[in-house]
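If you want the building blocks of each chain, they are given just below.
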Amino acid sequence: MTYVAVSGGKEAIEASIKLLDFYKGGTEKDVEIEAIENKLSLLVDRVMGEAGLYSKTYAALAIKQCEGSMEEAVFLLRAYRSTLTRNYYTNVVNTSEMRIVRRISAAFKDIIGGQILGASYDYTHRLINFDLDKEKAAELRREVLDMLGAQEPEEISLCPRVSDELRKEGLIEQYAQDDKPPHDVTMSMLEFPADRSARLQTLARADTGFISGLAYSALRGFGQEHPTVGELRCGYVELCVPYPLDEQEEIYIGEVLLTEVECFNKADDKEQLKLAVGYGAVFGRNETKAISMAVIDRELDHGGPYPTQNEEFVLMHGDSLEMNGFISHLKLPHYVTFQSKLDAVRKTRA
Amino acid sequence: MMNRNYNFAFLDEGSKREIRRAALKAVAIPGYQVSFGSRELPIGRGWGTGGIQLTLSLIGPEDVLKVIDQGSDESVNAVNIKKFIGLCTDVETTTKTSEATVIQTRHRIPEVPLTNRQILIFQVPIPEPLRIVEAREEVTKKMHAEKDYAPIWLQLYESLVKYNKVTIASEYPCMVSGRYMMNPSPIPKFDNPKLHRAECLYLFGAGREKKIYAIPPYTEVISLAFDDIPFEKENFKGKKCRLCGSENTYLDEMFDQHGDRFYQCSDTSYCQEVRDYVSG
Amino acid sequence: MYLDEAPVLSVKNLVVRYGAGCGLCRDRTSQSMEKNRCMACGAVWAVNDISLDVYPGEVLGIVGESGSGKTTLMRALYFDFIPTSGSAVLRDYKNGEKSIWEASSAEQRMLKNSVMGMVYQNPVMGLRMDYSAASNIAEKIIAAGSRNAAKMTERAAELLAAVEIMTSRMSEAPRNFSGGMQQRVQISKALANNPALLLLDEVTTGLDLSVQAKVLDLIRKIKAKYGISILLVSHDLAVIRMLADRTIVMLDGKIVESGLTDQILEDPQDVYTQQLVHSLI
């Protein structure tokens, strides 16, 4: 009769899971993990970012396991993450040393190191390609690889940050160098006012839709003025851990793909103006999120009456797991509390 | 059967130890919300992950576990949690309240009084009793520090002015040991008196909100009430369980196919025990 | 009025400054100030070295134009912020031995609830608009420690009657009240715990003339009935004339003249006071 049921919960769950398997199966065609990892790589990036776990293969597995649901995939990775023991902490990564695959500035036409358009959907026409289902993946892949193989490789040079120049001029607000260990939001509860490290971690793991919407509200008038993207860079950074026998030495353990953004806003500097920087960095290629994060970082620094400027509002409500978990718990039975509510209502009417 | 790919009780030992430490601190400061690094679980945040983390960190191979939701052992959520804990521990489970050493619950306290060899673990959605009057954690923390609970009393008074009754239904706030105001989780007011000077240990876990708190055995727990207006529980006067006939339990209101209303014990295992006893 | 008794409130050398200030504006003899702003460094001296006493049972009026610092002074006294420097002692707090601005936040709350009462120009600042009028008063009584609902209701009825609000409207929220009624609820709330000192900040500004007269009359009655000390701030000398025993005239954050109200009205010494008095006639 009802889903709490007086009994039979166990059978109901088992049947529900079977039905889910039926929906998930859907067809005789299979999706291979390698294909998800590569052909749905932006989805994979987003899942890794919101889960706070960088593993393309596990992210692809998670996506496959839950019919491509963002929230469920993030959930699977996060839950898996809880079972892992932490053996090492990587050394601090300097993103100036990023191996760049894309880099643009909306502030200056010419920047040291140059703008690199890289791969972007920004200048594509969003027309559905009806021939896509006739595409021969293997052939196409070979063609592209042949083409790349014929090209002369270029030397990769390190690019200084756009903000470095402005900083030299003294136009940019400086954050004091802070070498204390960052607050780890996965190991301890957020405290308010929050450390900037806690803020940035929380934003980096936040739901993309949530922080994009918030950043949008700030741009539309529920926040400060329109910021300028000083620099958006996307590329690979190397991760190293200290060598256990000699702290001066480090061991290379791999690389991760990041998108990093610095936004500039005008800010008050006593009787003059200066530029304030908002910072965003996320796993993989997720530019809207990185920009949104930078916008919100700056709004939070600025403070004020709008939701985006309210630390508790922003940091407490953007975690995919927390928001989706709590909203979905509304589906759980509330018979006892509702009975109590009914009793309170009835008493006032007696 | 236990899944050997995961550690006993799912979490790594370091995490379990950390959660136990938070629980110990909570026992040392009754009613105070201890923050902890809540871990993600394979069960949804908001679906009892605070309670489950406490259960996982405390449970040992010798324990006997009971899980209830809305008083029922058979509800889908209770079954689901039991199944998960079973997958990673293999501990014995029971529906009989008196047989269990660890009981995890959502929204109820069993009708049978618990003993000093039992722990009742509550799943808590919103641990902060002051949240209904103040949204900001930074402020509520300070209010607790200064024991500034006037806004809650005002809320009670306002409901008296408006409706001539205190209208807070479940999650009825109480004072623990005369110091901290505590949210007893969304149990009905009917269960609040069971918190007072109980023989067992009560632990409360809020996973999403990352808080643990406790009521140690024999602690004074007083539901808020004005001096001249006594605390009032839900009223089931003149009603009884249609299955076991109990008149002193919390009853679920139900309707049959013809739309006729009837009542049934919310605590299903108690109801069964009464029926078993009566039928000899 | 008891000028020979110990003052209820004594403020010494109060400074409220926005901006760090510089050598020029800190040196009070220099000429760097344009009104209350230092032309050299841009610092604003909203209140610049003010001292005053309020004696038992008196109404002390503070008059001045907007920007003179009078509301800033009031809000510092009611802990809306902590001032740059200076002290204020209350007879009823630590025997007047500790400045209220050194009080802990719990003590501040106690002082705001039980020793002082504040009535803001804007009722939104002083009232919970969506709670009933009765609860607005009960809020203070609860904060002072009472847990007896019937007694709270009794006290609320008594105070609302004193400000001429019908008991039948006790359970209504001030949001539905007229501006004059809201002000009267604020006054009754401020009186809830029999405070020694009532702070009134432009309480009649923005009200219709007839309503103004009613509220002023009410304040006079309350003073007579409760013998409470009142610090009254207004830009309107007519309001001051009606209620204040003694008056302080403020301009650009400083006191330019003070004395018995009648004396100031009859024989103003300072040029600015003279202008004020003449504009009144």
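Calculation criteria
Residues numbered from 1 in each chain as written. Chains lettered and ligands numbered in written order. Predicted model: local features only at pLDDT ≥ 70, side-chain atom pairs only at ≥ 80, totals over all residues. Helix = DSSP H or I, 4+ residues; strand = E, 2+ residues; numbered from the N terminus. Buried ≥ 20, exposed ≤ 12 C-beta atoms within 10 Å, placed from the backbone. Rg over C-alpha atoms; globule rule 2.2 N^0.38 Å. Core = buried A, V, L, I, M, F, W, Y, C linked by C-beta atoms within 7 Å. Contact = placed C-beta atoms within 7 Å. pLDDT = per-residue confidence, 0-100. Nonpolar A, V, L, I, M, F, W, Y, C, P; charged D, E, K, R; others polar. Axes fitted to C-alpha atoms, helices over the stretch in contact; angles between N-to-C directions. Parallel < 35°, antiparallel > 145°, perpendicular 65-115°, else oblique. Pairing = 2+ DSSP bridges. Domains from an automatic or database assignment. Expected span 1.5 Å × (residues − 1).

Enquirer: Explanation requested: the overall build of chain A in the structure shown.
Expert: If you tally the helices and strands in chain A, you get 13 helices and four strands. Principal-axis analysis of the C-alpha atoms places the extent of chain A at approximately 75 × 60 × 55 Å. Evaluated residue by residue, chain A yields a buried proportion of 32% over its 350 residues.

Enquirer: How do you make sense of the overall build of chain B when you look at a structure like this?
Expert: Scanning chain B from N- to C-terminus turns up six helices and 12 strands. Taken against the 2.2 N^0.38 rule, which gives 19 Å for 280 residues, the C-alpha radius of gyration of chain B at 19 Å falls within 12% of a compact globule. The principal-axis extent of the C-alpha atoms belonging to chain B is close to 60 × 50 × 35 Å. A total of 280 residues make up chain B; the buried ones form 53% of that total.

Enquirer: Even after reading the chapter, I still don't get the nonpolar core, so can you show me in this structure?
Expert: One broad rule of soluble globular proteins: the nonpolar side chains tend to lie buried together. Formed by 203 residues in total, the largest nonpolar core has its most connected members in A:V47, A:A59, A:L77, B:Y157, B:Y202 and C:L199. If sequence neighbours within four positions are ignored, B:Y202 has contacts with B:L120, B:F122, B:L195, B:A214 and B:I215. Counting residues in hydrophobic clusters, the runner-up holds eight residues, among them B:F190, B:C265, B:Y270 and B:C271.

Enquirer: Explanation requested: the confidence of the model for chain B in the structure shown.
Expert: Any region with low pLDDT has predicted coordinates that should not be read closely. On average, residues of chain B score 94 in pLDDT, and 100% of them reach the 70 mark or higher. Overall fold confidence for the complex sits at a pTM of 0.84, while the interface term, ipTM, reaches 0.89.

Enquirer: I tried to follow the interface of chain A and chain B on my own but got confused; where do I start?
Expert: A common measure of how large an interface is: the accessible area buried when the components associate. With 40 residues of chain A at the interface, the matching set in chain B holds 50 residues. Secondary-structure elements contributing two or more residues to the side of chain A that touches chain B are α1 (9-25), α5 (70-81), α12 (320-328) and α13 (335-349) of chain A. A per-element tally of the side of chain A that touches chain B places α13(A) first, with 10 residues. Classifying every residue of the side of chain A that touches chain B gives 17 nonpolar, 15 polar and eight charged.

Enquirer: Looking at this model, I keep getting lost on the packing of helix α3 (residues 41-51) of chain A against helix α4 (residues 56-65) of chain A. Mind explaining?
Expert: Helix-helix packing is described using two parameters, namely the angle between the two axes and the distance between the axes. Residue and element names in this part refer to chain A. Here α3 crosses α4 at 100°, and the two axes come no closer than 9 Å. With respect to α4, the element α3 is oriented roughly perpendicular. Of the residues in α4, those in contact with L43, V44, V47 and M48 of α3 are K56, A59, A60, A62 and I63. For the contact of α3 with α4, a count of residues per class yields eight nonpolar, no polar and one charged.

Enquirer: Explain the packing of helix α1 (residues 13-28) of chain B against helix α2 (residues 49-58) of chain B to me, please; I cannot follow it from the model alone.
Expert: All names here are of chain B. Between α1 and α2, whose axes approach to 9 Å, the crossing angle comes to 105°. When the axis of α1 is compared with that of α2, the two are roughly perpendicular. Along the contact surface, α1 presents K16, I19, R20 and A23, while α2 presents Q53, L54, L56, S57 and L58. Across the contact of α1 with α2, the residue classes break down as five nonpolar, two polar and two charged.

Enquirer: So what exactly am I meant to see when it comes to the sheet that holds strand β8 (residues 197-201) of chain C here?
Expert: Two orientations exist for strands paired in a sheet by backbone hydrogen bonds: parallel and antiparallel. All names here are of chain C. The six strands are arranged β7-β8-β9-β5-β10-β11 in an open sheet whose pairing can be described as mixed. Each of the sheet's edge strands pairs with one partner strand only, and the pair in question is β7 (116-119) and β11 (254-260). Shown here is a sheet whose adjacent strand axes are inclined to one another by a mean of 15°, direction ignored. Here strand β5 (residues 59-63) pairs with strand β9 (residues 229-234) via five bridges, running parallel. Each bridged residue has a counterpart across the sheet, and for V63 the counterpart in β9 is S234.

Enquirer: Would you take a moment to explain the pairing of strand β4 (residues 102-106) of chain B for this structure?
Expert: For a regular strand, the rule is simple: side chains alternate between the two faces of the sheet. Residues and elements named next belong to chain B. With five of five residues buried, β4 is to be regarded as a mostly interior element. For strand β2 (residues 64-69) and β4, the ladder comprises five bridges, and the chain directions are parallel. Across the sheet, the residue bridging to V67 is Q104, located in β4. In terms of strand pairing, β4 meets strand β5 (residues 119-123) through four bridges, oriented parallel. Looking at the pairing, I103 lines up with L120 of β5.

Enquirer: Whenever I open this one, the pairing of strand β8 (residues 201-206) of chain B confuses me. Can you help?
Expert: Residue and element names in this part refer to chain B. Among the six residues that make up β8, six are buried, leaving the element largely enclosed by the rest of the structure. Here β8 shows no split at all, with L201, L203 and G205 on one side and Y202, F204 and A206 on the other all buried. Of the pairings in the sheet, the one linking β8 to strand β9 (residues 211-215) comprises five bridges and is antiparallel in character. Bridged to A206 within β9 is K211. The antiparallel hairpin formed by β8 and β9 contains four residues in its connecting segment, where K210 sits at a positive phi of about 60°.

Enquirer: Help me understand the sheet that holds strand β3 (residues 246-269) of chain A, please; the structure alone is not making it clear to me.
Expert: Residues and elements named next belong to chain A. Pairing is antiparallel across the open sheet formed by four strands, whose spatial order is β1-β2-β3-β4. Unpaired on one side and paired on the other, β1 (99-104) and β4 (272-283) mark the two borders of the sheet. Strand after strand, the sheet turns through a mean of 25° between neighbouring axes, direction not considered. Across five bridges, β1 lies against strand β2 (residues 228-243) in antiparallel orientation. Across the sheet, I100 pairs through a bridge with G235, a residue of β2. Relative to β4, helix α10 (residues 287-302) is tilted by about 140°, and along the sheet it contacts β2, β3 and β4.

Enquirer: Sorry, what's going on with the domain arrangement of chain B here?
Expert: Residue and element names in this part refer to chain B. We note that the domain assignment places domain 1 (13-132 + 159-223) and domain 2 (236-280) within chain B. Its C-alpha centre places domain 1 at a distance of 25 Å from the equivalent point of domain 2. Taken together, the contact between domain 1 and domain 2 spans 14 residues of the former and seven residues of the latter. In the side of domain 1 that touches domain 2, the residues fall into four nonpolar, five polar and five charged.

Enquirer: Would you mind going over the domain arrangement of chain A with me for this structure?
Expert: Residues and elements named next belong to chain A. Segmentation of chain A into domains returns domain 1 (9-81) and domain 2 (95-122 + 139-318). Taken together, the contact pairs eight residues of domain 1 with 11 residues of domain 2. Here the side of domain 1 that touches domain 2 is built from residues that sort into three nonpolar, two polar and three charged.

Enquirer: Before we go on, may I ask you to explain α5(A) in this structure?
Expert: Because an α-helix packs 3.6 residues into every turn, residues spaced three or four apart end up facing the same way. Residue and element names in this part refer to chain A. With 12 residues, α5 extends 17 Å from end C-alpha to end C-alpha; this agrees with the ideal 16 Å at 1.5 Å per step. Burial in α5 covers these residues: A73, V74, F75, L76, L77, R78 and A79. Summarising the contacts, the buried residues of α5 are in contact with α3, α4 and α12.

Enquirer: Is there a simple way to think about α1(B) in this case?
Expert: The end-to-end C-alpha separation of α1(B) is 23 Å, in line with the 22 Å expected for 16 residues at 1.5 Å each. Those residues of α1(B) that are buried lie in contact with β1 (34-35), α2, β8 and β9 of chain B.

Enquirer: Before we go on, may I ask you to explain unusual backbone geometry in this structure?
Expert: Leave glycine aside and you will find that most residues have negative phi; peptide bonds, for their part, are mostly trans. The omega angle of the peptide bond from A:F192 to A:P193 is -5°, so this bond is cis rather than trans. Considering the arrangement of structural elements, one finds A:P193 in the loop between α7 (162-168) and α8 (196-205). Positive phi values are uncommon outside glycine, yet A:E67 reaches one of about 55°. With 12 C-beta atoms counted inside 10 Å, the residue A:E67 sits in the exposed group. Within the chain, B:Q70 stands out as a residue other than glycine whose phi angle is a positive 60°. With respect to the helices, strands and loops of the structure, B:Q70 is situated in the loop between β2 and α3 (76-89). Assessed through the 25 C-beta atoms surrounding it within 10 Å, B:Q70 is described here as buried.

Enquirer: What's the story with the confidence of the model for chain A in this structure? I'm lost.
Expert: For chain A, the average pLDDT comes to 90, and 97% of its residues sit at 70 or higher. Here residues 1-6 of chain A is a poorly scored stretch, pLDDT under 50, and it has 13 contacts once near neighbours within four places are set aside; other chains count.

Enquirer: Sorry if this is basic, but what is going on with the environment of A:L19 here?
Expert: Along the polypeptide, A:L19 turns up in helix α1. The exposure class assigned to A:L19 is exposed, which follows from the 10 C-beta atoms found within 10 Å.

Enquirer: How should the environment of A:V261 be read in this particular structure?
Expert: Mapped onto the elements of the fold, A:V261 is located in strand β3. Other than its neighbours up to four places away in sequence, A:V261 contacts A:V229, A:L232, A:G280, A:A290, A:I291 and A:A294.

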